[in-house]
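The lines below spell out each chain.
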Amino acid sequence: MSGDDLALALLVAACAAMRGAGLFVAGRLGADHPFVRWAASVAMATLAAFVTLAVVAPTGSLTLIPWQGRAAGFCAAMGVLAWRGGLFAPLMAGLAATLLVAMLV
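Note that this is a predicted model, so its numbers are computed, not measured.

**Let's talk about the packing of helix α2 (residues 34-56) against helix α3 (residues 67-84)**
Argument step 1. Packing of α2 against α3 leaves a shortest axis separation of 9 Å and a crossing angle of 145 degrees. Within the contact between the two elements, α2 uses Val51, Ala54, Val55 and Val56 and α3 uses Arg70, Ala71 and Phe74.
Argument step 2. In terms of residue class, the contact of α2 with α3 is made up of 6 nonpolar, no polar and 1 charged.

The following block contains the structure:
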């Protein structure tokens, strides 16, 4: 087994162990437990950071969309999220606004 294969096998084992530990802990804690609320807050903050980075400083094929389109999509998604909630409606509104403004600019 080469060094690369060993590193990959150790990574897979570590990820599986962490996932198992997470399932074990999550099964014992209620949804209102402070640790669960903290973990949800960290996950939401991480997602917000990635979305902000994608809008402000995109990489890859996202750079082909003008900043006005990315900003319009973000604003439309946030508006629909505040108005209706859920995930699907804000996603569709953001995508539609992004495509519309990108075609117009």
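**Details of the side chain of threonine 98**
Argument step 1. Secondary-structure assignment places threonine 98 in helix α4 (residues 88-104).
Argument step 2. You can call threonine 98 buried: its relative accessible area is 14%.
Argument step 3. There is a polar contact of 2.7 Å between the side chain of threonine 98 and the backbone oxygen of glycine 94.
Argument step 4. Sequence-distant contacts of threonine 98, defined by excluding residues within four places in its chain, comprise Ile65, Gly69 and Gly73.

**As for a nonpolar patch on the surface**
Argument step 1. Where nonpolar side chains cluster on the molecular surface, the patch consists of Met44, Leu47, Val51, Phe74, Met78 and Leu81 and spans about 530 Å² of accessible area.
Argument step 2. If you list the elements that add at least two residues to the nonpolar patch, you get α2 and α3.
Argument step 3. The residue phenylalanine 74 is located in helix α3 in this model.
Argument step 4. We classify phenylalanine 74 as partly exposed; its relative accessible area is 34%.

**Looking at the packing of α3 against α4**
Argument step 1. Across the interface, α3 lies against α4 with an axial gap of 7 Å and an inter-helix angle of 155 degrees. Comparing the axis directions of α3 and α4 gives the class roughly antiparallel. In this structure, α3 crosses over α4, and the sense of that crossing is right-handed. Along its contact with α3, which presents Gln68, Gly69, Ala72, Gly73, Ala76, Ala77, Val80 and Leu81, the element α4 presents Ala89, Pro90, Ala93, Gly94, Ala97, Thr98, Val101 and Ala102.
Argument step 2. A per-class count over the contact of α3 with α4 returns 11 nonpolar, 5 polar and no charged.

**Describing the side chain of arginine 70**
Argument step 1. Locating arginine 70 in the fold gives a position in helix α3.
Argument step 2. Notably, arginine 70 is buried but unbridged: the nearest opposite-charge side chain belongs to aspartate 4, and the N-O separation is 35 Å.
Argument step 3. Here valine 55 takes part through its backbone oxygen, which lies 2.9 Å from a polar atom of the side chain of arginine 70.
Argument step 4. Residues within four places of arginine 70 in sequence aside, it is in contact with Ala54, Val55, Val56, Pro58, Leu62 and Ile65.

**Focus on α3**
Argument step 1. Taking 1.5 Å of rise per residue, 18 residues should cover 26 Å, and α3 covers 25 Å from first to last C-alpha, within 8% of that figure.
Argument step 2. If you check which residues of α3 are buried, you get Gly69, Arg70, Gly73, Ala77 and Val80. Burial along α3 is one-sided: seen end-on, the buried residues are contained in an arc of 105 degrees. Among the exposed residues of α3, those oriented more than 90 degrees off its buried face are Trp67, Cys75, Ala82 and Trp83.
Argument step 3. Contacts from the buried residues of α3 go to α2 and α4.
Argument step 4. After α3 finishes, the residue glycine 85 shows a positive phi value of roughly 80 degrees.

Conventions and cut-offs
- Residues numbered from 1 in each chain as written.
- Predicted model: local features only at pLDDT ≥ 70, side-chain atom pairs only at ≥ 80, totals over all residues.
- Heavy atoms only, no water.
- Axes fitted to C-alpha atoms, helices over the stretch in contact; angles between N-to-C directions.
- Helix = DSSP H or I, 4+ residues; strand = E, 2+ residues; numbered from the N terminus.
- Contact = heavy atoms within 4.5 Å.
- Nonpolar A, V, L, I, M, F, W, Y, C, P; charged D, E, K, R; others polar.
- Buried < 20%, exposed > 50% of the residue type's maximum accessible area, 1.4 Å probe, protein only.
- Polar contact = N/O pair within 3.5 Å; in protein donor to acceptor, adjacent residues only side chain to side chain.
- Patch = residues over 30% accessible without salt bridge, like charges linked within 9 Å, V, L, I, M, F, W, Y side chains within 5 Å.
- Areas by Shrake-Rupley, 256 points an atom, 1.4 Å probe, with all protein chains shown as cover.
- Salt bridge = Lys/Arg side-chain N within 4 Å of Asp/Glu carboxyl O.
- Parallel < 35°, antiparallel > 145°, perpendicular 65-115°, else oblique.
- Left-handed = near helix turned anticlockwise from the far one by under 90°.
- Lys, Arg positive; Asp, Glu negative; His and termini not counted.
- Expected span 1.5 Å × (residues − 1).
- Arc of directions from axis to C-beta.

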